[in-house]
Amino acid sequence: MDKQSVIKSFETHVSAGKAAFFKKYGMDFVMGQREGAWIHDMDGNKHLFNCHSNGGVFNLGHRNPEIIATLRSALDELDIGNHHLMSQERTALAQQITDTMPGDLNICIFSVGGGEAVDLALKLACGHTGRQKIISANGGFHGHTGLALSVGDAQYRDPFGIDTTNKIQVPFNDADALAQVLTPDVAAVILETIPSTLGMVMPEDGYLANVRELCDKNGTLLIMDEVQSGLGRTGKLWAFEHAGITPDMVVIGKGLSGGIYPIAATVIRDALDAIFKKDPFIHISTYGGSELGCRVGQKVIQISSDPVFLERVQEAGKMIREDLEEIQLKYPKFFKGIRQTGLMIGLELRDEYGGPALTKAAYDEDLLMIYANNDTSVIQFLPPLTITDDEIDLVMEKLDRAMNTARKLRAALMAKETGSRILRFFSGQSS
Ligand SMILES: Cc1ncc(COP(=O)(O)O)c(C=O)c1O
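Residues numbered from 1 in each chain as written. Predicted model: local features only at pLDDT ≥ 70, side-chain atom pairs only at ≥ 80, totals over all residues. Heavy atoms only, no water.

## Description of the site of the ligand
Here is step 1 of the chain: Close to the ligand lie 13 residues, the nearest being Gly 114, Gly 115, Asp 225, Gln 228 and Lys 254.
Here is step 2 of the chain: Contact distances for the ligand include 2.8 Å between an oxygen atom and a backbone N or O atom of Gly 114.
Here is step 3 of the chain: Asp 225 is positioned such that a nitrogen or oxygen atom in its side chain is 2.7 Å from a nitrogen atom of the ligand.
Here is step 4 of the chain: Burial of the ligand by the protein amounts to 86% of the accessible area it has alone, namely 390 Å².
Here is step 5 of the chain: Considered class by class, the residues forming the shell around the ligand number two nonpolar, eight polar and three charged. (Near = heavy atom within 4 Å. Polar contact = N/O pair within 3.5 Å; in protein donor to acceptor, adjacent residues only side chain to side chain. Areas by Shrake-Rupley, 256 points an atom, 1.4 Å probe, with all protein chains shown as cover. Nonpolar A, V, L, I, M, F, W, Y, C, P; charged D, E, K, R; others polar.)

## Description of the pairing of strand S3 (residues 47-50)
Here is step 1 of the chain: Both strand S2 (residues 38-41) and S3 contribute to a ladder of three bridges, which runs antiparallel. Across the sheet, residue Trp 38 finds its bridge partner in S3, namely Phe 49.
Here is step 2 of the chain: Here S2 folds back onto S3 in antiparallel fashion, the turn holding five residues, of which Gly 44 has a positive phi close to 75°.
Here is step 3 of the chain: By the bridge criterion, two bridges tie S3 to strand S13 (residues 367-368) in an arrangement that is parallel. Each residue of the ladder has a partner; that of Phe 49, found in S13, is Leu 367. (Pairing = 2+ DSSP bridges. Helix = DSSP H or I, 4+ residues; strand = E, 2+ residues; numbered from the N terminus.)

## Quick look at the pattern of salt bridges
Here is step 1 of the chain: Evaluated as defined, the whole model comprises 20 salt bridges.
Here is step 2 of the chain: Asp 185 serves as the salt-bridge partner of Lys 133, at 2.9 Å between the closest nitrogen and oxygen. On the criterion of sequence distance, the pair formed by Lys 133 in strand S5 (residues 133-137) and Asp 185 in the loop between helix H8 (175-181) and strand S7 (186-192) is long-range, its members being 52 residues apart.
Here is step 3 of the chain: Its relative accessible area of 35% is what places Asp 185 among the partly exposed residues.
Here is step 4 of the chain: Of the charged contacts in the structure, one is a salt bridge between Arg 312 and Asp 389, with a shortest N-O distance of 2.9 Å. One end of the pair, Arg 312, is in helix H12 (residues 307-330); the other, Asp 389, is in helix H14 (residues 389-416), and 77 residues separate them in sequence.
Here is step 5 of the chain: Residue Asp 389 is classed as partly exposed on the basis of its relative accessible area, which comes to 36%.
Here is step 6 of the chain: One continuous salt-bridge network, built from bridges that share partners, spans Asp 104, Arg 212, Asp 216, Asp 248 and Arg 269. (Salt bridge = Lys/Arg side-chain N within 4 Å of Asp/Glu carboxyl O. Buried < 20%, exposed > 50% of the residue type's maximum accessible area, 1.4 Å probe, protein only.)

## Here's the deal with the confidence of the model for the protein chain
Here is step 1 of the chain: Chain-level statistics for the protein chain give a pLDDT mean of 95 and a share of 97% at 70 or above.
Here is step 2 of the chain: Considering each helix and strand of the protein chain separately, the mean pLDDT is smallest for helix H2 (residues 16-24), with a value of 92, and largest for strand S9 (residues 249-252), with 99.
Here is step 3 of the chain: Low confidence marks residues 424-431, where pLDDT is under 50. Its contacts with residues over four positions away, or in another chain, come to 34 contacts. (pLDDT = per-residue confidence, 0-100. Contact = heavy atoms within 4.5 Å.)

## Examining the environment of Ile 223
Here is step 1 of the chain: Examined against the element boundaries, Ile 223 turns out to sit in strand S8 (residues 221-225).
Here is step 2 of the chain: For Ile 223, a relative accessible area of 0% translates into the label buried.
Here is step 3 of the chain: Considered as a pair, Ile 223 and Arg 212 are 11 residues apart in the sequence and their alpha carbons are 9.9 Å apart.
Here is step 4 of the chain: Those residues within four positions of Ile 223 in sequence are excluded, and the remaining contacts are Ala 121, Leu 122, Ala 125, Ala 188, Val 189, Ile 190, Leu 191, Met 249 and Val 251.

## So, the packing of aromatic side chains
Here is step 1 of the chain: In the structure shown here, the tally under the stated rule is five aromatic pairs.
Here is step 2 of the chain: Plain terms: the ring middles of Phe 21 and Phe 22 are 5.0 Å apart, the flat faces sit at 70° to each other, and that makes the pair edge-to-face.
Here is step 3 of the chain: Ring centres of Phe 172 and Tyr 207 lie 5.1 Å apart, and the angle between their planes is 65°; on these two criteria the pair is classed as edge-to-face. You can see Phe 172 sitting in the loop between strand S6 (167-170) and H8 and its partner Tyr 207 sitting in helix H9 (residues 207-218), a full 35 residues away along the chain. Considered together, Phe 172 and Tyr 207 belong to a single accessibility category, that of buried residues. (Phe/Tyr/Trp six-rings, centres within 6.5 Å; stacked < 30°, edge-to-face > 60°.)

## A few points about the domain arrangement of the protein chain
Here is step 1 of the chain: When the domains of the protein chain are assigned, the result is domain 1 (3-64 + 307-421) and domain 2 (65-304).
Here is step 2 of the chain: Using only C-alpha atoms to locate each centre, domain 1 and domain 2 end up separated by 26 Å.
Here is step 3 of the chain: Counting residues at the interface gives 33 residues for domain 1 and 38 residues for domain 2.
Here is step 4 of the chain: At the boundary of domain 1 with domain 2, total buried surface from both sides reaches about 2,700 Å², with 56% on carbon and sulfur atoms.
Here is step 5 of the chain: Taken together, the links from domain 1 to domain 2 amount to 16 residue pairs in polar contact (both at pLDDT 80 or more).
Here is step 6 of the chain: Listed by contribution, the elements that provide at least two residues to the side of domain 1 that touches domain 2 are H12, strand S11 (335-341), strand S12 (344-349) and strand S15 (375-381).
Here is step 7 of the chain: Looking at which element gives the most residues to the side of domain 1 that touches domain 2, the answer is H12, with four residues.
Here is step 8 of the chain: Grouping the constituent residues of the side of domain 1 that touches domain 2 by class yields 15 nonpolar, 14 polar and four charged. (Domains from an automatic or database assignment. Buried area = accessible area lost by both parts, 1.4 Å probe.)

## A closer look at helix H4 (residues 88-99)
Here is step 1 of the chain: Relative to the 16 Å expected for 12 residues at 1.5 Å per residue, H4 spans 16 Å between its end C-alpha atoms, a close match to the ideal helical length.
Here is step 2 of the chain: Residues of H4 that are buried include every one of Glu 89, Arg 90, Leu 93, Ala 94, Ile 97 and Thr 98, and no others. Along the axis of H4, the buried positions cluster into a sector of 150°, meaning they face one direction only. Across H4 from its buried face, at more than 90 degrees, point the exposed residues Gln 88 and Asp 99.
Here is step 3 of the chain: Summarising the contacts, the buried residues of H4 are in contact with strand S4 (105-111), S9, strand S10 (264-269) and helix H11 (291-304).
Here is step 4 of the chain: Of the residues that open H4, the one with a side-chain oxygen 3.2 Å from the backbone nitrogen of Glu 89 is Ser 87. (Expected span 1.5 Å × (residues − 1). Arc of directions from axis to C-beta.)

## Observations regarding the environment of Leu 324
Here is step 1 of the chain: Here Leu 324 shows up in helix H12.
Here is step 2 of the chain: In this structure the C-alpha to C-alpha distance between Leu 324 and Leu 347, which are 23 residues apart in sequence, comes to 8.9 Å.
Here is step 3 of the chain: Those residues in contact with Leu 324 that lie beyond four places of it in its chain are Phe 335, Ile 338, Ile 345, Leu 347, Met 396 and Leu 399.

## Some points on the packing of helix H13 (residues 354-364) against H14
Here is step 1 of the chain: Between H13 and H14, the least distance of the axes is 7 Å, while the angle of their chain directions is 130°. Between H13 and H14, the crossing angle belongs to the class labelled oblique. Our pair here, H13 against H14, has a crossing hand that is right-handed. For the pair H13 and H14, the contacting residues are Gly 354, Pro 356, Ala 357, Leu 358, Lys 360, Ala 361 and Ala 362 in the first and Leu 399, Ala 402, Met 403, Thr 405, Ala 406, Leu 409, Arg 410 and Leu 413 in the second.
Here is step 2 of the chain: Class assignment of the residues belonging to the contact of H13 with H14 gives a composition of 11 nonpolar, two polar and two charged. (Axes fitted to C-alpha atoms, helices over the stretch in contact; angles between N-to-C directions. Parallel < 35°, antiparallel > 145°, perpendicular 65-115°, else oblique. Left-handed = near helix turned anticlockwise from the far one by under 90°.)

Structural data, given as structure tokens:
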């Protein structure tokens, strides 16, 4: 099929809304070949350096050769496995993951995607505590499945009339607001360690320790969503390590797939297993913890937990910071600030039109970076963790030019569009 036929068929059979949107903004890219940091249009006429990495799915680049080799060899002997039976591959990955976790975060339950893994954490919190209330952050994002959706932002829930009884939201980084609603009838607090759809908001010093303390006082479980911030993105394997806390549950997704085989996990403390000891078959996931995916996950953890790999992430983060500060000096009115831990980076722009304008200007410079959907004044800047020095230079040259263009584009967008719903479909989460 040629590209125009694909687009036409996509419009009819997949999503007319998305097809219309991409046409409107001159971004009619259809993914073809992909390798390392680059994705190519199927007609070969355009390529994009992926500085979004699908929120971490492509932490190790596209089609990472080590991951591909791992899956190829796994295919010689394995398949999905059997979710009823015990499994060598699930055991190996669970042990490897829990070995990297503090305290008694010793048990790992596998899912297909991040939303499913969040749903499990939330239902387990309710089952374990016998309580129903869940607290999350305004503008946070935990997925589009049942419970995950109900603790997320209103714009994704309301069109579907989702019930939010017993769901409470507070501003991130506001321990006082949390203290007011965190009472002994709350089952869990769930937070992204660094809320990315809210624009890479960095937790203030002491905030997460405060949250931990408040949870302990009330017998409430603390769930950290590391779907985007985990697996080395921040220069430590897990972002919560920066805060020195031990959560009760940790949710992992995206990058665990190596960009090749979907797999996610919920890591829980020993005591939380009680409900499954009583009845080990009350939670299943047919494809969650597929043995092929477990092999891939094992390779991902092996690569990402290597101290040399994590040091390189920190070093690349420092290089990028220096370059970003220089670019900022050139466009101080438009490029207002840098939010950063390692390679988890948010570019703060002038206002809500800035993110969409820079998304489009960067696209025209062959850079894929996407604004944060719950704060469109921020661009999510998530290069692959494998980015080389030369690639950093190239990306920064392109970003400099894109910033210049985006300033003018912002004014045009302001004149044409109404508020922050512009470029809405090009959202900051998974796709
Ligand atoms: C922080 C966070 N949690 C959970 C999810 C849900 O993951 P999935 O799309 O795999 O269900 C996402 C997806 O973008 C995410 O960003």
